[in-house]
Amino acid sequence: MRRLLAAAALVWLPVAVIAATWAMWSGELPTRVATHWGTSGAPDRFSSTTGFWVTLLAIGIVAGLTALTAAVATLRAGAPAEADVARFLLIGAGAAAGAVAGMWVATATAALANPADPRLGWRFLWFVAGLAWGLVVRAAAGRFSRPVLPAAPGVDPLDLGPTERAAYSTTLRSPLITGVTLASAALVAVLAATVQPGLWLVAAIPLLAGLTFGRIRVTADRRGLRLVAGLVGVPLKHIPLTDIATAEAADINPLEWGGWGYRVLPGRAALVLRGGPALVLHLRDGHRFAVTLDHPRTPAALLTALQSRIPD
Amino acid sequence: MLFRVDVAAAEPLADQIAAQVRGGIMRGDVTPGERLPSARELAEVLDVNLHTVLRAYAQLRDEELIELRRGRGAVVRGDADATRLRLVELARQFVREARRQGLAEAEMIAIMKEAQP
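No experiment lies behind these values; they were computed from the predicted model shown.

What counts as what
- Residues numbered from 1 in each chain as written.
- Chains lettered and ligands numbered in written order.
- Predicted model: local features only at pLDDT ≥ 70, side-chain atom pairs only at ≥ 80, totals over all residues.
- Heavy atoms only, no water.
- Domains from an automatic or database assignment.
- Contact = heavy atoms within 4.5 Å.
- Buried area = accessible area lost by both parts, 1.4 Å probe.
- Salt bridge = Lys/Arg side-chain N within 4 Å of Asp/Glu carboxyl O.
- Polar contact = N/O pair within 3.5 Å; in protein donor to acceptor, adjacent residues only side chain to side chain.
- Helix = DSSP H or I, 4+ residues; strand = E, 2+ residues; numbered from the N terminus.
- Expected span 1.5 Å × (residues − 1).
- Buried < 20%, exposed > 50% of the residue type's maximum accessible area, 1.4 Å probe, protein only.

Trainee: Could you clarify how one ought to interpret the domain arrangement of chain A in this entry?
Mentor: Interface size is often expressed as the accessible area that is lost when the parts come together. Residue and element names in this part refer to chain A. By domain assignment, chain A separates into domain 1 (2-141), domain 2 (154-171 + 217-312) and domain 3 (175-213). Computed over C-alpha atoms only, the centres of domain 2 and domain 3 are separated by 30 Å. Contacts between domain 2 and domain 3 engage ten residues on the former and five residues on the latter. Between domain 2 and domain 3, a total of about 540 Å² is buried, with carbon and sulfur atoms accounting for 82% of that surface. For the pair domain 2 and domain 3, the number of links is zero salt bridges. Between the two partners, domain 2 and domain 3, sit zero residue pairs in polar contact (both at pLDDT 80 or more). For the side of domain 2 that touches domain 3, the elements supplying multiple residues, two or more each, are strand E8 (261-265) and strand E9 (268-272).

Right, here's the structure in full:
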């Protein structure tokens, strides 16, 4: 748990960089700095240096305070699930603080290097490096807890007669994931329009993710379990019937599976679109695969029944 | 939703599949706007003839429960719930009239069974 405090301290480092560089550079910086560059590379928008610096510093301080609050609150509560929430907040705050520091360093050094015609160019990498600060914070915050789940009880097989055939199919929609990805695409678009046109390319990433994970078709039948994504039908996962040891219905806490979306953790993977009921497959190689869906008992019972038909 | 058919049953396979979809809509396992598995896919996994599934889907289309679109497969109609409500309303009228005539539940069920062709 002490690692959380160390991670919170790391979130403050970029904030300190913003403050310290001001002390070093403020004498030499012009009163207005270029804060936006056109596609030709020439600056096309300028802002008050002090105002720009104060804004970025304020964002950094908010991120720092969020991190500190999350770490301290978790130290008091001490539950592993809450520590995972704190880790998420710390990583986000680290990326945010790093990003504003990167933005500041890039803009200020561009102005210092050539006050008459400041160019951003490769200095954009400061911003990327700043975002990556979130990864450093992640390393410091420690591993997400991996609760040991009880051995799979499995479910009773579906009462399939020898002449009966069955298949299960459902479509998963995730307003949460669609909403979050659209919101982040909008945020990147705003940044692209105001700060850095290169970000237009980045905006496509959350948009694509939203389209892919917004609608997923899950089928369980004699072929095994299949997940096919979205509008275009991208196969996400196929687990043949013969690879499945047992199938169970369980409640999933996204924080215990590494968050929302398609999660890959050591020894297990999951498609987590929300907390709650999920189909969990225990595979013969010891891995687990989970997908959140309503009434997971139905596909679990079906897979168990179909599996018992396979001659050993 | 779960599709299950019994190849040994007297009821035609297409009718069985159609009944499964109807039940799925009534139970809310499939919701309006949701896409059913393609006929080809369902035929493959249930190991039945493609035309059997197509016949079942055509039946459901005629009952105004699903829409069949070339290339888009079968989609549960937005007003599919209304058809169930119509049935429920008819059942209520039936029960009301039967009660008025002093019929017991077993007699109502017997009449329902007689009404079947």
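Trainee: What exactly am I supposed to notice about the environment of Trp37 of chain A here?
Mentor: Residues and elements named next belong to chain A. The topology assignment puts Trp37 in strand E1 (residues 32-37). Taking the C-alpha atoms as reference points, Trp37 and Thr66, separated by 29 residues in sequence, lie 31 Å from one another. Side-chain polar atoms of Trp37 contact the backbone oxygen of Pro118, separated by 3.1 Å.

Trainee: How do you make sense of the domain arrangement of chain B when you look at a structure like this?
Mentor: Considered domain by domain, chain B is made up of domain 1 (13-78) and domain 2 (82-115). Each of domain 1 of chain B and domain 2 of chain B was reduced to a C-alpha centroid, and the two centroids are 28 Å apart.

Trainee: Would you mind showing me how to read helix H7 (residues 297-309) of chain A here?
Mentor: The periodicity of an α-helix, 3.6 residues per turn, causes residues three or four places apart in sequence to face the same way. The terminal C-alpha atoms of H7 of chain A lie 19 Å apart, and with 13 residues this matches the ideal 18 Å at 1.5 Å per residue to within 8%. Every buried residue belonging to H7 of chain A is among Pro299, Ala300, Ala301, Leu302, Leu303, Ala305, Leu306 and Gln307 of chain A, and all of these are buried. For H7 of chain A, the elements touching its buried residues are strand E3 (164-173), strand E4 (215-221), strand E5 (224-229), strand E7 (244-252) and strand E10 (276-283) of chain A together with strand E1 (2-6) of chain B.

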